[in-house]
Amino acid sequence: MHRLGLLLVGVFSAASSVAPPGWVPVSPAMERVEFPLAERGLLASVHVIAFRLQPCGATLEFVERTRYEGLRGAWAVDSMDATSVLAINGGQFREGSPWGWIVRDGVERQAPGIGSLGMALVLDGGAVKLLRPDEIAAARGTVREAMQSYPTLLVDGEMPPPLRAPGRGVDLEHRDSRLAIGVDAEGRVLVVLTRFKGLPGAGGTLPLGPTIPELARVMHRLGAVRAMGLDGGLSSQLAARAADGSVERYTNWRLVPMGIVARPAARGC
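In this report, we go over the structure that sits alongside the text. Keep in mind the model is a prediction, meaning the values are calculated, not measured.

What follows covers the overall build of the protein. On a plain count of helices and strands, the protein comes out with 3 helices and 21 strands. The C-alpha radius of gyration computed for the protein amounts to 18 Å, which stays within 12% of the reference 18 Å derived for 269 residues, consistent with globular compactness. Overall, the protein is about 50 × 45 × 40 Å in size when its C-alpha atoms are taken along their principal axes. Buried residues in the protein amount to 52% of all 269 residues. Carbon and sulfur atoms form 55% of the exposed surface of the protein, whose accessible area is close to 12,200 Å². With 29 positive and 26 negative side-chain charges, the protein shows a separation of 3 Å between the mean positions of the two kinds.

This is how it looks when you write it as structure tokens:
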């Protein structure tokens, strides 16, 4: 490891985690909370920005957008329309197409990806579910909307074994800006974005943030029972609309082929 890497590990390991403050309503269906990842050190400049959606008040949907014959992503949070209350980028992608399982309008457009940490986000009749890789096979042909991403962060409140010890196929020390989605025991959807706030403007997009295990612990502290990572780094982006119509945006450099948006549910809470 380079000397700078060793220095950063020392600083980060000395930083203590910060308990999240209480959730604050930003609209009838959505709450927000923000807190630093640590009390001191470089991680104190990395903020966790989290939103919690009530299942009775908001519904999720996938939005696909590519250009140049489908070889480049063309979606960004700036694409969020006026009817959406939240927008984030989707999971990992290859050559302009989303990686892994894709189901749209009940039609399987892409077979499930292979991997022990490839979790699936399923949208079915307003319900939001996260399926373990071994649960995907039984769900094929039964769901209307699904996408897959990795890595799995939490399964029934626990980190999977590859996130608990090195040498199991996951880099447990790499730090980056992160984006994750999860569900809690009450069926609420949790979305977490991390951003470096030590520099103004574009400095916030520096790929500096938590490790994968640290991200899993953040999701656990926020109440998630199941959670998975979405595409982070230069792809991670989020936009949220408050009740007064104002929009909070965290943009980034990379356009992606798929986004996830939340709209107010017709029935409301």
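From this point on, the discussion continues.
Strands in a sheet are paired, the pairing made by backbone hydrogen bonds, and the direction either parallel or antiparallel. Ordered in space as 4-21-7-19-20, the 5 strands form an open sheet in which the pairing is antiparallel. The open sheet has two edge strands with one neighbour each: strand 4 (58-64) and strand 20 (247-250). Across this sheet, the average inter-strand angle for adjacent strands is 15°, counted without regard to direction.

Overall, antiparallel pairing links the 5 strands, which are arranged 11-10-14-12-13 in an open sheet. The two strands at the open ends of the sheet, each matched to only one other strand, are strand 11 (107-110) and strand 13 (127-131). Across the sheet, the axes of successive neighbouring strands diverge by a mean angle of 25°, strand direction being ignored. Summarising the sheet, strand 10 (residues 102-104) and strand 11 pair through 3 bridges and their orientation is antiparallel. Across the sheet, the residue bridging to isoleucine 102 is glutamine 110, located in strand 11.

Take helix 3 (residues 212-221) next. Summarising burial for helix 3: 7 of the 10 residues are buried, a large majority. By the burial criterion, the buried members of helix 3 are Ile212, Pro213, Glu214, Leu215, Ala216, Val218 and Met219. In the core, the buried residues of helix 3 are packed alongside strand 2 (30-36), strand 3 (46-53), strand 15 (152-154), strand 16 (179-184), strand 17 (189-196) and strand 18 (224-229). Positive phi shows up at glycine 223, right after helix 3, with a value of about 105°.

Moving on to unusual backbone geometry. Here the amide bond leading from tyrosine 150 into proline 151 is cis, since omega sits at 0°, within 30 degrees of zero. At aspartate 105, a position not held by glycine, the phi torsion is positive, near 50°. Looking at where aspartate 105 falls in the secondary structure, it is placed in the loop between strand 10 and strand 11. For aspartate 105, a relative accessible area of 54% puts it in the exposed group. Phi angles above zero are rare outside glycine, and aspartate 156 is one such case at about 50°. Looking at where aspartate 156 falls in the secondary structure, it is placed in the loop between strand 15 and strand 16. Of the residues examined, aspartate 156 reaches a relative accessible area of 52% and is grouped as exposed.

A separate point is the pattern of salt bridges. Under the counting rule described, the total for this entry stands at 19 salt bridges. Measuring nitrogen to oxygen at the nearest pair gives 3.1 Å for the salt bridge that ties aspartate 156 to arginine 226. Pair noted here: aspartate 156 is in the loop between strand 15 and strand 16 and arginine 226 is in strand 18, with a separation of 70 residues, a long-range link. The class for arginine 226 is buried, based on a relative accessible area of 11%. Here the residues in one salt-bridge network are Arg132, Asp134, Glu135, Asp156 and Arg226, joined through shared partners.

On to the pairing of strand 12 (residues 119-124). Of all the 6 residues making up strand 12, 5 are buried; the element is thus mostly covered by neighbouring parts of the structure. Looking at chain direction, strand 12 and strand 13 are connected through 5 bridges and run antiparallel. Of the residues in strand 13, the one forming a bridge with alanine 120 is leucine 131. In this antiparallel pair of consecutive strands, strand 12 and strand 13, the connection spans 2 residues, and glycine 125 shows a positive phi of 60°.

Quick look at the nonpolar core now. The biggest cluster of nonpolar side chains holds 32 residues, and the ones touching the most others in it are Leu60, Leu86, Leu121, Met147, Ile181 and Leu238. Setting aside residues up to four positions removed in sequence, isoleucine 181 forms contacts with Leu60, Ile88, Leu121, Leu130, Val189, Leu190, Val191, Met219, Arg226, Ala227, Met228 and Leu230.

About the thresholds
Residues numbered from 1 in each chain as written. Predicted model: local features only at pLDDT ≥ 70, side-chain atom pairs only at ≥ 80, totals over all residues. Heavy atoms only, no water. Helix = DSSP H or I, 4+ residues; strand = E, 2+ residues; numbered from the N terminus. Rg over C-alpha atoms; globule rule 2.2 N^0.38 Å. Buried < 20%, exposed > 50% of the residue type's maximum accessible area, 1.4 Å probe, protein only. Areas by Shrake-Rupley, 256 points an atom, 1.4 Å probe, with all protein chains shown as cover. Lys, Arg positive; Asp, Glu negative; His and termini not counted. Charge placed at Lys NZ, Arg CZ, Asp CG, Glu CD. Pairing = 2+ DSSP bridges. Axes fitted to C-alpha atoms, helices over the stretch in contact; angles between N-to-C directions. Contact = heavy atoms within 4.5 Å. Salt bridge = Lys/Arg side-chain N within 4 Å of Asp/Glu carboxyl O. Core = buried A, V, L, I, M, F, W, Y, C linked by side-chain atoms within 4.5 Å.

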